[in-house]
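# Examining the three-dimensional arrangement
This is what each chain is made of:
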Amino acid sequence: LIPAWYRFTSEVGGMMPEHCAQRFHCGAEVPIWMNGTHPSVNDTVDRMVCANFGGSNCCDRHLSIQVKNCNDKFFIYKLGPTPTCSIAYCAGHRYPCPEGEWSPTGLPPCQDAFPLLPDDPTMEGPTAVGNSFEFKCSIRFSPQNADQILQFAWTF
């Protein structure tokens, strides 16, 4: 990252979080969050940002940045390079869907990735067809979610 002023724009929001970003969030193994508040309108402030390596205080390593409030419409951040590739600046206040849940955008509102079926599947067969055999599996599922995917694995 070249030292310069940057603006975050994404579906998760355009501000660095002012609280601890948990490890493996923000698309990084070690997320960097801002330890302090954002400035008032048209102010520019110096702030410390923290890298969370998973230690007890959530600020295992820190860097200095500058933050500017641009007419209360957005913020820009004067950022420098991070020490390693696994460390990245975090932005946004919305977190992705947790494991086992999904949405079309990957952000809340989320729903179960593996919804429960209303009934157990039913199976017919096997039926011999030439040198092979066939099974028929019937599953009833909710038509409310057109994006459902059903995956089957046959083991013998």
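What counts as what
- Residues numbered from 1 in each chain as written.
- Predicted model: local features only at pLDDT ≥ 70, side-chain atom pairs only at ≥ 80, totals over all residues.
- Heavy atoms only, no water.
- Phe/Tyr/Trp six-rings, centres within 6.5 Å; stacked < 30°, edge-to-face > 60°.
- Helix = DSSP H or I, 4+ residues; strand = E, 2+ residues; numbered from the N terminus.
- Buried < 20%, exposed > 50% of the residue type's maximum accessible area, 1.4 Å probe, protein only.
- Lys NZ or Arg CZ within 6 Å of the ring centre and 35° of its normal.
- Contact = heavy atoms within 4.5 Å.
- 1 Å grid on protein atoms, 1.4 Å probe; cavity = no way out; pocket = protein on both sides within 12 Å on 5 of 7 lines; lining within 4 Å.
- Points joined across faces, edges and corners; volume = space filled by probe spheres on them.

What follows deals with the packing of aromatic side chains. Here the structure, examined in full by the defined rule, presents 2 aromatic pairs. Measuring from centroid to centroid gives 5.1 Å for F8 and Y77, while their planes differ by 50°, and the two rings are tilted. Here F8 is found in the loop between β1 (4-6) and β2 (30-35), whereas its partner Y77 is found in strand β5 (residues 74-79), with 69 residues between them in sequence. Judged by relative accessible area, which is 19%, F8 ranks as buried. Ring centres of F133 and F135 lie 5.6 Å apart, and the angle between their planes is 85°; on these two criteria the pair is classed as edge-to-face. The class for F133 is partly exposed, based on a relative accessible area of 48%. Looking at R7, its charged tip hangs above the ring of F74, at a distance of 3.8 Å from the centre.

Turning to the environment of C70, a few remarks are in order. Looking at the element boundaries, C70 is found in strand β4 (residues 61-70). Measuring from C-alpha to C-alpha, the distance between C70 and D43 comes to 8.0 Å, with 27 residues separating the pair along the chain. Look past the residues within four positions of C70 in its chain and what remains in contact with it is N42 and I76.

Time to look at empty space enclosed by the protein. Across all of its chains, the model carries 1 cavity of 30 Å³ or more by this definition. Of the pockets and cavities examined, the largest cavity occupies roughly 30 Å³. Residue lining of the largest cavity: I32, V49, C50, A51, R61, L63, P83 and I87, and that is the complete set. Those elements that place two or more of their residues in the lining of the largest cavity are β3 (44-51) and β4.

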